[in-house]
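Now for the letters of each chain:
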Amino acid sequence: EPEVTQTPSHQVTQMGQEVILRCVPISNHLYFYWYRQILGQKVEFLVSFYNNEISEKSEIFDDQFSVERPDGSNFTLKIRSTKLEDSAMYFCASRGQGQILAGELFFGEGSRLTVL
Amino acid sequence: GDSVTQMEGPVTLSEEAFLTINCTYTATGYPSLFWYVQYPGEGLQLLLKATKADDKGSNKGFEATYRKETTSFHLEKGSVQVSDSAVYFCALRRAAGNKLTFGGGTRVLVKP
């Protein structure tokens with residue numbers, strides 16, 4: 001069964017460092033998302049991406065964050081200068097064109113980011 | 001704004017017990033409602049969904065009914081198994097929207 005894959009599964013970084021989280025969405029999907037979950041809190045929407053541009057973003061997704069689809073298969077989330085409060089589990093998700101009404105998103109297993 | 005509230009866990013049950021996880025929502029219009037499940041070490045998976053009032057979603061013995069009058073979408077299963085141990089997330093998506101809004105998740109632990 002097709003699946004969304006994320007790397008790394010866990011990354012530890014120092015405050016102020018740049019981090020790139022990588023995702024490979026399901027191959028024929030067109031909509032891509034990043035969500036995060038701070039430990040013990042809700043899963044929060046960060047950003048959605050369609051047709052090579054951001055279609056929606058939350059107030060969390062400030063100038064420190066960026067997304068990119070560099071090569072037609074990967075979808076990356078970059079945090080330019082990490083802060084302690086960026087420590088969270090980051091989930092990538094994708095959705096196909098035909099699922100726009102049903103709203104089903106396919107999620108990866110998550111990348112845990114720990115900022116020290 | 002949109003919000004989803006679900007009961008806090010953890011919920012600890014014995015095998016074959018009845019499970020209910022309460023979920024209520026606040027949203028304008030008529031959102032679609034979802035339950036996602038996260039098994040240990042895995043990503044979020046869609047468990048079931050309902051797209052309009054009075055619809056019942058069902059899968060793997062789980063059921064939830066879209067109740068517009070009480071803005072609820074409670075998840076139920078009549079007889080849980082150890083393999084149902086997971087974190088369950090209630091979520092909504094507005095009809096004209098793009099993103100999912102999640103509840104806080106409820107951890108369920110089923111003991112043999």
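Our structure is the block above this text.
Residues numbered from 1 in each chain as written. Chains lettered and ligands numbered in written order. Predicted model: local features only at pLDDT ≥ 70, side-chain atom pairs only at ≥ 80, totals over all residues. Heavy atoms only, no water.

Details of the pairing of strand β5 (residues 43-50) of chain A
All names here are of chain A.
So, point 1. For β5, a buried count of 6 out of 8 residues is recorded, marking the element as mostly surrounded by other parts of the structure.
So, point 2. Looking at chain direction, strand β4 (residues 31-37) and β5 are connected through 7 bridges and run antiparallel. Residue Q37 lies in a different strand from β5, and its bridge partner there is V43.
So, point 3. Linking β4 to β5, which pair antiparallel, is a turn of 5 residues; within it G40 sits at a positive phi near 80°.
So, point 4. Pairing analysis gives 4 bridges linking β5 to strand β6 (residues 53-57), with the strands arranged antiparallel. (Buried < 20%, exposed > 50% of the residue type's maximum accessible area, 1.4 Å probe, protein only. Helix = DSSP H or I, 4+ residues; strand = E, 2+ residues; numbered from the N terminus. Pairing = 2+ DSSP bridges.)

Quick notes on the packing of aromatic side chains
So, point 1. Considering all chains together, one arrives at 17 aromatic pairs over all chains under this definition.
So, point 2. Between F91 of chain A and F107 of chain A, the ring centres sit 6.5 Å apart and the planes meet at 85°, which makes this aromatic pair edge-to-face. In this pair, F91 of chain A is assigned in strand β9 (residues 88-95) and F107 of chain A in strand β10 (residues 106-107), connecting sequence segments 16 residues apart.
So, point 3. Geometrically, the ring pair formed by F107 of chain A and F102 of chain B is edge-to-face, given 6.0 Å between the ring centres and 75° between the ring planes. With F107 of chain A in strand β10 and F102 of chain B in strand β11 (residues 101-102), this pair bridges two chains.
So, point 4. The class of F107 of chain A is buried, set by a relative accessible area of 8%.
So, point 5. Here a set of aromatic residues connected by ring pairs shows up, and it is made of Y33, Y35, F45, F91 and F107 of chain A together with F34, Y36, F89 and F102 of chain B.
So, point 6. One cation-aromatic arrangement involves R95 of chain A over Y31 of chain A; the distance from NZ or CZ to the ring centre is 4.8 Å. (Phe/Tyr/Trp six-rings, centres within 6.5 Å; stacked < 30°, edge-to-face > 60°. Lys NZ or Arg CZ within 6 Å of the ring centre and 35° of its normal.)

Some remarks on the state of the cysteines
So, point 1. For the structure shown, the criterion picks out 2 disulfides over all chains.
So, point 2. Shown here is the disulfide that connects C23 of chain A with C92 of chain A, its sulfur atoms set 1.9 Å apart. Between C23 of chain A and C92 of chain A, the S-S torsion sits near -65°, and that sign places the bridge as left-handed. Placement of C23 of chain A in strand β3 (residues 19-24) and of C92 of chain A in strand β9 is noted, with a sequence separation of 69 residues between them.
So, point 3. Overall, C92 of chain A belongs to the buried group, its relative accessible area being 0%.
So, point 4. For C23 of chain B, the disulfide goes to C90 of chain B, at an S-S distance of 1.9 Å. Negative torsions about the S-S bond denote left-handed disulfides, and the value of about -70° found for C23 of chain B with C90 of chain B makes this one left-handed. Of this pair, C23 of chain B sits in strand β4 (residues 23-26) while C90 of chain B sits in strand β10 (residues 86-93), placing them 67 residues apart in sequence. Neither residue differs from the other here; C23 of chain B and C90 of chain B are each classed as buried. (Disulfide = S-S within 2.5 Å.)

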